[in-house]
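Here are the chains, one letter per residue:
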Amino acid sequence: MGYEDIVTLAPFIATILVAAAILFVDFVAPGRKVPALAVTFGGLALVAVLVVLTGQSAVTGRDEVTAFQGAYVVDRLTTFLDLLFVSIAALTIAFAPDYLEERELPVAEFAAVLVFAISGAMLISASADLLVLFLGLELMVLPGYVLAGYHKSDGYSTEGAIKYFLLGSFSSAIFLFGLAFVWGLTGTTSIAGVAGVLGQVADGRPLSPGLGMGLAFLTTGVAFKIAAVPFHYWTPDAYQGSPTPVTGYLSVGPKVGAFALIIRLFAEALGPLAADWNVVVMVLAATTMTLGNLVALTQDNVKRMLAYSSIAHTGYMLVGFAAWAAGQPSGLEGLLYYGAAYAFMNLGAFAVIAALQKRLGVTSNLSTFAGLIRREPALAILMTLFLLSLTGIPPTAGFFGKFYVILAAVQAGGWLAVLAVLAVLNAAAAAFYYLRVVVYMFMRDPTTEIPSLTHGRLVWAGLAVATVLTIVLGLFPGAMLEIVGGAAKAIG
Amino acid sequence: MHLLPITLLAAAEGSEAVAADPGIYATLIPLIIALPLAGFVFTTFFGRRLQASFGRNVAAAVPLGVVIASWVVAMVVVSAVLQHQGPFPEHGPGLDLTLWTWIPAGVDPATGRELTVDFGFHVDALTAVLLIVVTTIGLLVHLYSVGYMAHDPGTWRFFAYLNLFMVSMLLLVLAGNWLLVFAGWELVGLSSYSLIGFWYQKRSAALAAKKAFIVNRVGDVGFALGIMAIWVNTGTLDIQASLARLIETPAAELTVPLWIVALLVFAGAMGKSAQFPLHVWLPDAMEGPTPVSALIHAATMVNAGVYLVARANPLFAHAQDAMVVVAAIGIFTAILAASIAFTQTDIKRVLAYSTLSQLGYMFAALGVGAFIAAIFHLMTHGFFKGLLFLGSGSVIHAVHEEQDMNRMGALWRKIPITHWTMLVGTIAIAGIPPLAGFFSKDEILGEAFKFGFTWVWAIGLLVAAMTAFYMWRLMGKTFYGESRVDPHVEPKVHESAWTMTVPLVLLAIPSALLGLALTWGGPPLNPEGTGLLKGWLEPVFEEAELYLHGEAHAYELFGIDGILILASVAVATLGLVAGIALFGFFRARGLRATADRIAGGTRVTRFLYRASLNKWWFDELNDLLFIRIGGRVAAFLWWFDRTIVDGTVNGVGALTRDAGGGLRRIQTGRVQNYALGIAIGLIVMAGSFLVIVSR
Amino acid sequence: MLAFLDGISRSLDAYLVIAGIMFAVGSFGFLARRNAISMLMSIELMLNAVNLAIIGFGAFIPALHPDASVIALIVMAAAAAEATIGLAIVIAIFRNRKTPLVDEYDAMRQ
Amino acid sequence: MTLPETIPLLGIGWDDLLFLALTGVMLGSALLVVTMRDIIRCGLAMIVSFGALAGLYVLAGAPFVAGAQVLVYIGAISVLILFAIMLTQTKDAPGALVFQTQAIPAAIAALVMALILAITVVATDWSAVADRMWTFTGKAPAGRDELGVAESLFQDYVLPFEVVSVLLLAAVVGGVFIAKRERRGDA
Amino acid sequence: MNVDQIPIVSLIVFLPLLGALVVAFLPGRRTDLIRWTALGFALAAWVVSLILLVGFPPGRPGFEYTQAIDWIPLFGIQYKVGVDGLSMAMVVLTTTLTWISILASFRPIQNRVKEYMVSFLVLEVGMIGVFVALDLFLFYVFWELVLVPMYLIIGVWGGANRIYATIKFVLYTLVGSLLMLVAILATAFTYQAATGSWAGAFDLEVLSAHAATGAFDPTFQFLAFGAFFLAFAIKVPMFPFHTWLPDAHVEAPTAGSVILAGVLLKLGGYGFIRFALPLFPDAAHTWAPAIIVLSLIAIIYGAVVALVQPDLKKLVAYSSVSHMGFVTLGIFVFQPQALQGAILQMVNHGLITGALFLLVGVIYERTHDRTIAKMGGLGAKVPVYAAFFGFFVFASVGLPGLSGFVGEFLTLIGTFAVQPWAAVVATFVMILAAGYLLWMFQRVAFGEVSDFLKGLGGHLTDMRPVEVFTLVPLGALVVVFGLFPGLILNLVGGSVTHTLDAVLRGAPVALGLWR
């Protein structure tokens, strides 16, 4: 563990230190949100800077920088994902205080736990070792359970949390079992090593049944984390139960993190077996987007509806991944683009819901949205934008994400082209439930007269960022394309 | 961007001869149409205000004025054409004028067909003859309307419509290409729609207007297809050029056989001229004000079909199968309409059926190849039928808008001018020499016989007798016998204003003399000569008649022609005498009871009577076919649209939602169920992977 | 009598099969028990099954030996962290619902 | 006194006997954990199971892990669980059904899982690939003592080690927050 | 400054967007200011489009005033716009109808005026954008952009069942357009795979040239054309994809119906001509028989169903199905006159049906009812209204001298030249059109004044000057294009040549318009 290693690890360390600092500030000035938030945003900014700096040195020097005997890697993918995670954290924390304070929940601990979670996600994106990967995963999801149950006096929140936790642990065990098998068969935890060994054995077919079993367990575990059907059961309940800002985070942070895991594990370590697992990925993609959309059609609770919709979005992202596995580099680029776009638009949508639910007792049912354009026109218009983006209407980020993923699928051809058609049909069906919210906001009269609320500057600032990104990523995707292109090249 | 240059061009296309310099006629001919058009536009926009501010007569002044002006100009042109002055040489093809290129749709490079439709006119003798009829009768009807519509609040509107009608009809007659004919054709339909439905608050008028337009459209479909077929065959829509090409092109090279083209064009003619089975609109059209009936349904619009077939005479001459159809439908319509006219009691309806019958004559003439005779009859009929209609309008006016002849009678003394002029018209239509109808009708019958269509001739004779009879029935019931007029109205019956009677007199003169005038210098008075009308029209029909009949035979007043004259005069007289016997004459009372007895006599006569009274149930048949069955079909299709087509769409949506509703049930809310799902998923996954890796 | 089992303790397959059985037993508990803490214990059984497999690999495959113990220790630590959170959540929900029976937590479904 | 190579009557070695015994205890008590009605006894059975597992670790030549197993599981986690059981006891709990309605499908699923795993394990030649790995990385096998573990832990696995500590920190922070009663005594 | 240096096409596209932004920042209570501002921007766009039209060189194949800026260079996606005669005609139609619609909305729209005007201006951006986009990606963006404001216009300011209608409209359209997106991507990728470069992969001109060499294989063409077909057929709408139209029309506010019928339906026909035919010429031939049959069904079926409609708007909606059948028929017989007819028909249908919807809106505003059975005697009660109504009814019937006739006739005659039986079938709609329109007119305008209308008393006033003012331009254009259809035919001649050249891929097509 030399100086070089520490420097390379700096963003991760800084993240942990930020979490610790928040806790410390809260200890010094208990219950005061301003200092805690200041530390949080300052710290996250620092982390972002460090991410860029380490990423810079990685990119300018070699293609990647490794540390800790090759267990930790910084390449362009890491940089891209880390920045995304930091943004997700910052936005989530921006949206949370209004909501939490009304419920008398502490802001500082929320921020600290969230930053812990982000540190896990960042670790995933930088792991070059299966063990680190697993630990990063745990570090990402454990605080997630806490966040889900953050409103601990609320029955829904704790119910969601325990469901999330139990099933999450179950899947972790499954994942771990698979990991053990793969390790046992390849003899190394190094991702590059695993890939090397598998590259050799992949030619000597048939592969051993143990490897198949390991793949099955790994796939199941990962499919659970990204909420792919039929391993998605936790998603609706956990999303609906969680405090709304948390739902926003859960729907993007762990999801993108899990996709980072997929990239590192399946694309890198298990890449040589891509032809084997891709069949499964394609089936998963098809079932996931279809079931997610179909069930979302029938939901009356917007949070739950968005939960199912997030399942559907997983399906679209899987399409991109399957395209990559079928030999189209653009598939991975599409997946990354989609991830970024999805993160901002979905966070934005949940931020609007959270803002509406600021007042205690306001449900996330569709009726809450009735006549929103009259009560809070700005929120209604922003929500419309995010929903249109989720639908995939140009010129929004969501559209370009879909465009990219589908392009990759079309390029790959064959069954993936069929998958592309299925994806767009799904997108059309999805329009129904997204637009349903718009219907309520614009076309229904409010059922009850709710006085309009005031929202904190942080919320507006966060919404502004999400809005700008949602539009910019849709209208001027050029810069982002360069970035995801570079990130995807890290995998090759 | 180029605005199309609107210039006056003399089109040289299609004629080998050096194009004649149109000279002053380049201005005069468009003026014939432009004048009523200006009147129409002016009256449409300002008529209402004028009428409100200055009264009806002022509102009518402009429309009337432009029609007078148009008549003057038309007469100048007509005289030039018929006397071969200026650009109308003796053996010229007529004058072509192009105002602007209407539809520049270019050339189809695959076939070389060009679709460039000029907004242009073609003027020759046939046009001139029609111009005489249209402008003269049109002018008189305008004049008559000033008096007739004097009490209607919508006078200005009526005159606007009349002007529009003049525009349409003149366009139809003057048009130099098929599409422009069609345009006039349709505009005539529109203006007749407006005029028939003038009293639109009357439901029957509104229905009649609609019926007229739609039935006409049925024929128009044929005409439109005919135009398309002509274009496909010849690659041009210019009337003269396309006709020339049609007959020049060998039959094998034609895309659409000639007889089909001819029948399609004839279908259009059937609609406008109300030939069986498209005759149903004309009687209903009597719902319009009477001047309309005179203008449209006697003198001009219904003649359009005759004009069309005459205009297309080379086409028909070369498609003789089609000619037989024309003749058959014509003569059948003639007898059918005559049979219905026997029993109608509405004075205008009797005239309407009489019109149908006379139009049938004209088509029969066209069908046997007697084109000039058809046009001859067209002219004479235009005048005497116009006279009869206007007269009937005067009668109706006198008895306070009563049209039922059963509520008239003994009017001859109270409205003498009307009576005398109508008597002239009746004798003219009956075919009694020397009035106009005799000449034209005899010409038709004679030529039918001579050209070998004895069946046409035989039926025609029968119809002539019937015509004389039912016309006298009309006279008798209206003017003679005892008065059945409403006692409240009786004292107020009086002769109409001068604006109405003057046209009657002006029309009575040609009704009486036109036959003589037009045959002046020809048979039967001068068997050696050709006659005035024949001289005018010979160039137009020469080729076709030559092709059909070969060299014309000499006229034999004391041979076959004389016998034919005698026959037709005899049957006309017979019909007239029977009419007088049954329906009286001046003070003489008829034997009406006998008439009733005949009608109700045997089973056969009873049936015939009812059939005639019910117009052979054509309206009922149409009602069944198009309203009931057609309505059912439409209603079924709408049901199909909502239930099947839209139902499928909504069904897909519902199915999707139901699928979602079913799938959401797997989310039971119980963690263990979820875990079991995951476990089963894991097992399936393991199975799949074991299969996959062992490949 | 049990001679066919001779050498079983020197067989990797034996370790792995037992680990598998243990994993399955844990799964059964997780799927079948109603009590949240029972489910938690089942998960611990599953995680220990994984550890057994890891140790088994380490014992019989020389190449894996040096890493096996370390990995097992780290898994153990992760399991401990998971248990901490899990129990905290169980206690929290118990306060709300007054029952540890997970199948009664079905306020949210479909 | 030296024991015979193989145990009389049974015909297996001492190692094997010990292995079988430990396995039996472990699996048996594990089954008890998942089937017994009284949850406290379940907890105790779990301790027994983990103890037997520790024995197996020793047998497999991983005494360091065995020690950690005793400390961490028996000493910490099990006690934690027992505390939690105490905290969440309700009066009506014992009377309630132990099993979900889906116990039978669950059993079938578990059985199938076990069978597939067993078959897979037996059908796989585990060393074949890993040995090749050896040649692939060129990494020499290290010693088998506990010192090796420590070296390995603080050299090759220093990053995971650090991360584990962060993980535990996070778990504690989160766990404390969730489990602690709120100040304004909501139930 | 030289006119060529101004990106005038972009100016037309983005003027309304600027207007939308300005309106969005106006205070919501000052509704009159908002209305006039919106109208001002719509008029400005109109004026600019007219300037463009006046300077437009007619008859040349290919695009003028093109402007291309790299947008997403990675995929060779450009912001590329330009106009040819066809686009020009459509753009002017759009700008004209938009300001008329906005003006017509002044009175009927009283709540949420700001949102309405913003929606309308954004809608205009999308519509114009579709007509000028020369990049498939850009085209798709504008294509979808149209959807959102229309969705709101129907859904917020529509009738009782508006939500069902608007969702149906959006979903139906979306299904088609998303499949088209797949086809667009496949096309671009196929090009990229063939040339090895993304440059020009979304460029319509490049792709058309590529397609002209027969580079796209038939199977691919068949599938891709199918996707394009579905998108455009739904938009046109062709039987059996038409059922969203009556619902949408019935529920939409007047101006929404005007734009829907006037412009949105044209997007489909335009798409066929501009994209589907040049890109997939072989597939177009394969698909043509089926499309011709569907067009014929639409023509007759729409008319027959229109006969029995009880609601004025539904009747006009079904008449649209029938009329738009001529457009698809004219396009897919691949015959120059027919194609010209189809284009004319698009313009004419926009003007005439737009006007009819305005008229229905006028009466609806006064009676709050559109049931034909309740009307009657309007001619006596509101003569000016009845006169306008009658004028446009006859324009719709296809009366010569008014614009509807020429388009229909050219389509028919062109069809007759290649598919005589199709023309025969289609011609029969002349009867049906007269039937349903005149029957409707008779029931509405003729006869005694109905009890329902009597009951309205003084509320039933005749046309206001503003209403007259919205209709007069349309009426004038109907007459002008009826008498001088050459104005449009000359304008679009180049496009027609170009399209047929591409689809027939034989000897170059010359219409010989310039004698």
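See above for the structure.
Nothing here was measured: the structure is a model prediction, and the numbers come from that model.

Student: How should the overall build of chain C be read in this particular structure?
Tutor: Scanning chain C for helices and strands turns up three helices and zero strands. Reading the secondary structure of chain C in the N-to-C direction produces α-α-α. Computed over the C-alpha atoms, the radius of gyration of chain C is 18 Å, more than 25% above the 13 Å expected from 2.2 N^0.38 for a compact globule of 110 residues. The C-alpha extent of chain C, read off along each of the three principal axes, is 55 × 35 × 25 Å. For chain C, long-range pairs separated by at least 24 residues make up 56% of all intrachain contacts whose partners lie at least 6 apart in sequence. Carbon and sulfur atoms form 58% of the exposed surface of chain C, whose accessible area is close to 2300 Å². Charge centroids of chain C, computed over 7 positive and 8 negative side chains, lie 14 Å from each other.

Student: Hey, could you run me through the overall build of chain A in this one?
Tutor: Across its full length, chain A carries 19 helices and two strands. Across its three principal axes, chain A shows a C-alpha extent of roughly 70 × 55 × 40 Å. Within chain A, the fraction of its 492 residues that count as buried is 75%. Residue pairs at least 24 apart in sequence account for 80% of intrachain contacts in chain A once pairs closer than 6 positions are excluded. Only carbon and sulfur atoms are counted for the fraction: they give 66% of the accessible area of chain A, which is about 11900 Å².

Student: So what exactly am I meant to see when it comes to a nonpolar patch on the surface here?
Tutor: All names here are of chain B. Residues Ile417, Trp498, Val502, Val505, Leu506, Ile509 and Leu513 make up a contiguous nonpolar surface patch of about 620 Å² in total accessible area. With six residues, helix H19 (residues 498-518) is the single largest residue contributor to the nonpolar patch. As for its placement among the helices and strands, leucine 506 is situated in helix H19. According to the relative accessible area criterion, leucine 506 is partly exposed, its value standing at 39%.

Student: Can you help me understand the environment of isoleucine 43 of chain C in this one?
Tutor: Structurally, isoleucine 43 of chain C can be placed in helix H2 (residues 36-60). The exposure class of isoleucine 43 of chain C is buried, given its relative accessible area of 2%. The spatial distance from the C-alpha of isoleucine 43 of chain C to the C-alpha of serine 27 of chain C is 7.4 Å, given a sequence separation of 16 residues. With residues up to four places along the chain from it excluded, the contact list for isoleucine 43 of chain C reads Leu166, Ser169 and Phe170 of chain A together with Phe30 and Glu82 of chain C.

Student: Can you help me understand the packing of aromatic side chains in this one?
Tutor: To describe a pair of aromatic rings, you give the distance between the ring centres and the angle between the ring planes. A complete count under the given rule lists 105 aromatic pairs over all chains for this structure. Their ring planes at 20 degrees and their centres at 6.4 Å tell us that phenylalanine 134 of chain A and phenylalanine 175 of chain A sit as a pair that is stacked. One end of the pair, phenylalanine 134 of chain A, is in helix H5 (residues 130-148); the other, phenylalanine 175 of chain A, is in helix H6 (residues 155-186), with 41 residues separating them in the sequence. Residue phenylalanine 175 of chain A is classed as buried on the basis of its relative accessible area of 1%. Seen from their ring centres, phenylalanine 181 of chain A and phenylalanine 57 of chain C are 6.5 Å apart, and the 85 degrees between their planes marks the pair as edge-to-face. Placement of the pair is phenylalanine 181 of chain A in helix H6 and phenylalanine 57 of chain C in helix H2, with the two residues belonging to separate chains.

Student: Please clarify how the side chain of threonine 188 of chain A should be interpreted in this entry.
Tutor: As for its position among the elements, threonine 188 of chain A is in the loop between H6 and helix H7 (191-201). Here serine 190 of chain A takes part through its backbone nitrogen, which lies 2.9 Å from a polar atom of the side chain of threonine 188 of chain A.

Student: I would appreciate a short explanation of the pattern of salt bridges in the present structure.
Tutor: Opposite charge on two side chains permits them to pair, given that their charged atoms come into close proximity. Applying the stated criterion to the full structure yields 31 salt bridges over all chains. Among the ionic pairs, aspartate 284 of chain B bridges to arginine 349 of chain B, the shortest N-O distance being 3.4 Å. With aspartate 284 of chain B in helix H9 (residues 281-284) and arginine 349 of chain B in helix H14 (residues 347-368), this pair connects stretches of sequence that are 65 residues apart. A relative accessible area of 15% means that arginine 349 of chain B is categorised as buried. Here arginine 274 of chain E ties to aspartate 84 of chain E by a salt bridge, and the two come within 2.4 Å at their closest N and O atoms. Remark: aspartate 84 of chain E occurs in the loop between strand E2 (77-83) and helix H3 (85-105) and arginine 274 of chain E occurs in helix H10 (residues 254-279); sequence separation between them is 190 residues. Exposure remark for aspartate 84 of chain E: the relative accessible area of 3% places this residue in the buried category.

Student: Can you help me understand the packing of helix H11 (residues 274-296) of chain A against helix H24 (residues 618-663) of chain B in this one?
Tutor: How two helices pack is summed up by the angle between their axes together with the distance between the axes. Here H11 of chain A crosses H24 of chain B at 100 degrees, and the two axes come no closer than 7 Å. Looking at the two axes, H11 of chain A sits roughly perpendicular to H24 of chain B. For the pair H11 of chain A and H24 of chain B, contact is made by Leu291, Leu294 and Val295 of chain A and by Thr656, Ala659, Gly660 and Leu663 of chain B, respectively. Of the residues belonging to the contact of H11 of chain A with H24 of chain B, the class tally is five nonpolar, two polar and no charged.

Student: Please clarify how the layout of surface pockets should be interpreted in this entry.
Tutor: Gaps between atoms show up when a probe of the same size as a water molecule is rolled over them. The calculated volume of the second largest pocket comes to roughly 1600 Å³. Taken together, 41 residues form the lining of the second largest pocket, with Ile381 of chain A together with Leu17, Leu21, Val118 and Val122 of chain E sitting closest to its centre. Secondary-structure elements contributing two or more residues to the lining of the second largest pocket are helix H14 (372-375), helix H15 (377-391) and helix H18 (457-475) of chain A together with helix H1 (8-24), helix H4 (113-132) and helix H5 (136-157) of chain E. Within the lining of the second largest pocket, the residues separate by chemical class into 32 nonpolar, five polar and four charged.

Student: Help me out: how do you make sense of the arrangement of the chains in this one?
Tutor: Inter-chain contacts occur across eight pairs of chains; the most extensive set of contacts lies between chains C and D. What separates chain C from chain E at the closest point of their C-alpha atoms is a distance of 24 Å, and the two make no contact. At the level of C-alpha atoms, the two units chain D and chain E stay apart, their nearest approach being 38 Å.

Student: Any chance you could explain the interface of chain A and chain D here in plain terms?
Tutor: When the parts of a complex come together, some accessible area is lost, and that lost area is often taken as the interface size. Taken together, the contact pairs 46 residues of chain A with 34 residues of chain D. A buried area of about 3500 Å², summed over both sides, lies between chain A and chain D, and 79% of it is on carbon and sulfur atoms. Taken as a group, Leu135, Lys152 and Leu185 of chain A account for 17% of the area that chain A buries against chain D, more than any other trio of residues on that side. On the surface where chain A and chain D come into contact, there are one salt bridge.

Student: Would you take a moment to explain the interface of chain C and chain D for this structure?
Tutor: Listed as interface residues are 77 residues of chain C and, on the opposing side, 90 residues of chain D. Buried surface at the junction of chain C and chain D, summed over both partners, amounts to about 7100 Å²; 76% is from carbon and sulfur atoms. When residues of chain C are sorted by the area they lose upon contact with chain D, Arg33, Met41 and Arg95 of chain C head the list and together hold 10% of the total. Viewed at the interface, chain D and chain C are joined by zero salt bridges.

Student: Please explain the pairing of strand E1 (residues 95-108) of chain B as it appears in this structure.
Tutor: The two faces of the sheet receive side chains in turn, since in a regular strand these alternate between them. Residues and elements named next belong to chain B. Most of E1 sits out of view: 13 of its 14 residues are buried. When E1 meets strand E2 (residues 113-123), the two strands line up antiparallel, connected through 10 bridges. Of the residues in E2, the one forming a bridge with tryptophan 100 is phenylalanine 119. Hairpin connection from E1 to E2: four residues lie between these consecutive antiparallel strands, with glycine 112 at a positive phi of about 80 degrees.

Student: For this particular structure, what's the right way to read the side chain of asparagine 177 of chain B?
Tutor: Residue and element names in this part refer to chain B. One can find asparagine 177 in the loop between helix H4 (155-174) and helix H5 (178-196). Residue asparagine 177 is classed as buried on the basis of its relative accessible area, which comes to 5%. Here leucine 180 takes part through its backbone nitrogen, which lies 2.8 Å from a polar atom of the side chain of asparagine 177. Not counting residues up to four positions away in its chain, the partners in contact with asparagine 177 are Val117, Asp118, Gly120, Leu237, Asp238 and Ile239.

Definitions and limits used
Residues numbered from 1 in each chain as written. Chains lettered and ligands numbered in written order. Predicted model: local features only at pLDDT ≥ 70, side-chain atom pairs only at ≥ 80, totals over all residues. Heavy atoms only, no water. Helix = DSSP H or I, 4+ residues; strand = E, 2+ residues; numbered from the N terminus. Rg over C-alpha atoms; globule rule 2.2 N^0.38 Å. Contact = heavy atoms within 4.5 Å. Areas by Shrake-Rupley, 256 points an atom, 1.4 Å probe, with all protein chains shown as cover. Lys, Arg positive; Asp, Glu negative; His and termini not counted. Charge placed at Lys NZ, Arg CZ, Asp CG, Glu CD. Buried < 20%, exposed > 50% of the residue type's maximum accessible area, 1.4 Å probe, protein only. Patch = residues over 30% accessible without salt bridge, like charges linked within 9 Å, V, L, I, M, F, W, Y side chains within 5 Å. Salt bridge = Lys/Arg side-chain N within 4 Å of Asp/Glu carboxyl O. Phe/Tyr/Trp six-rings, centres within 6.5 Å; stacked < 30°, edge-to-face > 60°. Polar contact = N/O pair within 3.5 Å; in protein donor to acceptor, adjacent residues only side chain to side chain. Axes fitted to C-alpha atoms, helices over the stretch in contact; angles between N-to-C directions. Parallel < 35°, antiparallel > 145°, perpendicular 65-115°, else oblique. Nonpolar A, V, L, I, M, F, W, Y, C, P; charged D, E, K, R; others polar. 1 Å grid on protein atoms, 1.4 Å probe; cavity = no way out; pocket = protein on both sides within 12 Å on 5 of 7 lines; lining within 4 Å. Points joined across faces, edges and corners; volume = space filled by probe spheres on them. Buried area = accessible area lost by both parts, 1.4 Å probe. Pairing = 2+ DSSP bridges.

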